[in-house]
Amino acid sequence: MKKFEEQEGLHGNFCVDIVIKSMEEFWKIASEIRTELGERSYYLDEYLSTIFSCINIPDVLNTASAGENTYSAFWSVILSLSGSEINREGYPFYDEVKKYIDSHPLNYYEKRTNAEIYLAYTLFSNIKTMVNDFIEDISQDSNDYQVAEERFAQISKIVGSEKAERLEAAINDAFLVCPSAMVFIQSIITRFVGGLCARDPQTSKQIFQLILDSKNNNSE
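About the criteria used
- Residues numbered from 1 in each chain as written.
- Predicted model: local features only at pLDDT ≥ 70, side-chain atom pairs only at ≥ 80, totals over all residues.
- Heavy atoms only, no water.
- Helix = DSSP H or I, 4+ residues; strand = E, 2+ residues; numbered from the N terminus.
- Expected span 1.5 Å × (residues − 1).
- Buried < 20%, exposed > 50% of the residue type's maximum accessible area, 1.4 Å probe, protein only.
- Arc of directions from axis to C-beta.
- 1 Å grid on protein atoms, 1.4 Å probe; cavity = no way out; pocket = protein on both sides within 12 Å on 5 of 7 lines; lining within 4 Å.
- Points joined across faces, edges and corners; volume = space filled by probe spheres on them.
- Nonpolar A, V, L, I, M, F, W, Y, C, P; charged D, E, K, R; others polar.

Colleague: Even after reading the chapter, I still don't get helix H2 (residues 16-37), so can you show me in this structure?
Modeller: Residues that lie three or four places apart on an α-helix share one face, since the helix turns once every 3.6 residues. Helix length check: H2, at 22 residues, gives a terminal C-alpha distance of 32 Å against a target of 32 Å (1.5 Å per residue), a fit within 8%. Those residues of H2 not exposed but buried are Ser22, Phe26, Ile29, Ala30, Ile33 and Leu37. Viewed end-on, H2 has its buried residues packed into an arc of 105°, placing them on one side of the element. For H2, the exposed residues lying more than 90 degrees away from the buried face are Asp17, Lys21, Glu24, Trp27 and Thr35. Count one or two residues on from H2 and you reach Gly38, which has phi positive near 60°.

Take a look at the structure:
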């Protein structure tokens, strides 16, 4: 299948039917487990309440905004180390980026071109730390989440681990179509792609072309 044969493939139109089917599966398995638990059905209620609360904490707009802010802060560090007048010494990732730039000098006339290329080569070596910091900021109190873990263990003992794991899978497929970390990363990547499309006045090439040229030259 050619995933990008139609433009809708770039925007995820193909996943709608999967979400509908997954939601049906969730209600089915949750109902089965609730019935099987009988008078202990409150195990499931409390488990789902905690899980849903955790999912609900970071709304999409705030998560995307957090990604934007993280990208902007990182970009300002890149600019600071690429000849800009702004000073970002002491900012997160400053030392890591400086070490890379010092050992990989570029000689494009435009400082912005150098900055965009440095961004491409340093962003993804630091993005895991960015995501971990974001998740730490939004994570529910560990004591609250411990309740969910305890209830899940109790549910597993009664209905069996296989059915309990089906419930987990159904929750994941139905309610975490795009988990918060992925929204956060996509927000960063969207900004990053904009930089790849920027054009260097000296060569009249876009940034992604310059990067590919460099990689091709290095492989020769």
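What follows continues from the structure just given.
Colleague: Sorry, what's going on with the layout of surface pockets here?
Modeller: Think of a ball as big as a water molecule: rolled over the atoms, this probe shows where empty space is left. When its volume is computed, the largest pocket comes out at roughly 750 Å³. Broken down by secondary-structure element, the contributors of at least two residues to the lining of the largest pocket are helix H3 (42-56), helix H4 (60-80), helix H6 (111-138), helix H7 (142-159), helix H8 (161-175) and helix H9 (180-196). Broken down by element, the lining of the largest pocket gets its largest block of residues, five residues, from H3. When grouped by side-chain class, the residues that make up the lining of the largest pocket number 20 nonpolar, six polar and three charged. The calculated volume of the second largest pocket comes to roughly 230 Å³. Thr70, Ala73, Pro92, Phe93 and Asp133 are the residues nearest the centre of the second largest pocket, which is lined by 13 residues in total. Residue assignment for the lining of the second largest pocket shows that the elements contributing at least two residues are H4 and H6. Across the lining of the second largest pocket, the residue classes break down as 10 nonpolar, one polar and two charged.

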